[in-house]
Amino acid sequence: VQLQASGGGLVQAGGSLRLSCAASGRTFSSYVMGWFRQAPGKEREFVAGISRNGGSTMYADSVKGRFTISRDNTKNTVYLQMNSLNPEDTAVYYCAAEHEQYYSGVYIKPREYTYWGQGTQVTVSS
């Protein structure tokens with residue numbers, strides 16, 4: 001599967017952005033999806049994940065209550081709605097996918113994902 005992330009940009013603190021990640025192929029509903037981010041000089045960290053059918057989601061503590069992950073399997077797209085952004089959210093955001101036949105949960109570690117998008121820059125000014 002190929003992943004194309006979009007929707008990043010420059011926003012003031014307190015603002016919102018919605019990231020999208022479009023996937024190629026016809027079996028999108030077979031993929032566990034996740035969003036990660038990486039700030040300069042820091043390791044890539046988990047942001048949010050969603051199960052194949054969207055029934056389960058998980059969030060990093062730092063974004064819980066502010067970010068929402070969702071997916072539309074008819075459009076082969078996963079979204080990350082980001083509200084109440086702050087400068088600490090500044091990073092390159094990556095979407096990731098892992099194919100699963102039976103697993104109904106969410107993955108939270110980068111090494112659990114095989115496919116990665118190219119990243120989209122999110123910059124939050126104070």
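See above for the structure.
The rules behind each value
- Residues numbered from 1 in each chain as written.
- Predicted model: local features only at pLDDT ≥ 70, side-chain atom pairs only at ≥ 80, totals over all residues.
- Heavy atoms only, no water.
- Helix = DSSP H or I, 4+ residues; strand = E, 2+ residues; numbered from the N terminus.
- Buried < 20%, exposed > 50% of the residue type's maximum accessible area, 1.4 Å probe, protein only.
- Pairing = 2+ DSSP bridges.
- Axes fitted to C-alpha atoms, helices over the stretch in contact; angles between N-to-C directions.
- Disulfide = S-S within 2.5 Å.
- Contact = heavy atoms within 4.5 Å.
- Core = buried A, V, L, I, M, F, W, Y, C linked by side-chain atoms within 4.5 Å.

## Some thoughts on unusual backbone geometry
Leave glycine aside and you will find that most residues have negative phi; peptide bonds, for their part, are mostly trans.
Argument step 1. With a phi angle near 55°, Asn76 is a residue other than glycine that sits in the positive phi range.
Argument step 2. Here Asn76 lies in the loop between strand E7 (67–72) and strand E8 (77–82).
Argument step 3. With a phi angle near 50°, Ser84 is a residue other than glycine that sits in the positive phi range.
Argument step 4. Classification of Ser84 by relative accessible area gives partly exposed; the value is 43%.

## Points about the sheet that holds strand E1 (residues 3–6)
Either a parallel or an antiparallel arrangement is found when strands of a sheet pair, and the pairing is made through backbone hydrogen bonds.
Argument step 1. Reading across from one edge, E1-E3-E8-E7 is the order of the four strands in this open sheet, with antiparallel pairing throughout. What marks the edges here is a single partner per strand, and that holds for E1 and E7. Across the sheet, the mean angle separating the axes of adjacent strands is 15° when strand polarity is ignored.
Argument step 2. Inspection of the sheet shows E7 paired to E8 by six bridges, in the antiparallel sense. Bridging from a neighbouring strand, Phe67 pairs with Met82 of E8.

## Points about the pairing of E1
Argument step 1. On E1, burial follows the alternation: Leu3 and Ala5 on one face are buried, whereas Gln4 and Ser6 on the facing-out side are not.
Argument step 2. Here E1 pairs with strand E3 (residues 17–23) via four bridges, running antiparallel. Note on E3: the bridge partner recorded for Ala5 is Cys21.

## Re the state of the cysteines
Argument step 1. One pass over the structure, following the stated rule, counts one disulfide.
Argument step 2. A sulfur-sulfur distance of 2.1 Å marks the disulfide that ties Cys21 to Cys95. In this structure the cystine formed by Cys21 and Cys95 twists about its S-S bond by roughly 60°; its chirality is therefore right-handed. Linking Cys21 in strand E3 with Cys95 in strand E9 (residues 91–99), this pair joins segments that are 74 residues apart in sequence. Each member of the pair, Cys21 together with Cys95, is buried.

## Details of the environment of Val47
Argument step 1. Counting through the fold element by element, Val47 comes out in strand E5 (residues 45–50).
Argument step 2. Since its relative accessible area comes to 1%, Val47 is described here as buried.
Argument step 3. Remark: the alpha-carbon pair of Val47 and Phe36, spanning eleven residues in sequence, is separated by 4.9 Å.
Argument step 4. The contact partners of Val47, leaving out residues within four places of it in the chain, are Trp35, Phe36, Arg37, Met58, Tyr59, Ala60, Val63, Phe67, Leu80 and Tyr93.

## So, the nonpolar core
Argument step 1. By size, the foremost hydrophobic cluster in this structure holds 34 residues, and its most contacted members are Met33, Trp35, Leu80, Met82 and Tyr93.
Argument step 2. For this core, the secondary structure elements donating two or more residues are E1, E3, strand E4 (31–38), E5, E7, E8, E9 and strand E11 (120–125).

Taken by themselves, the reported measurements are silent on function.
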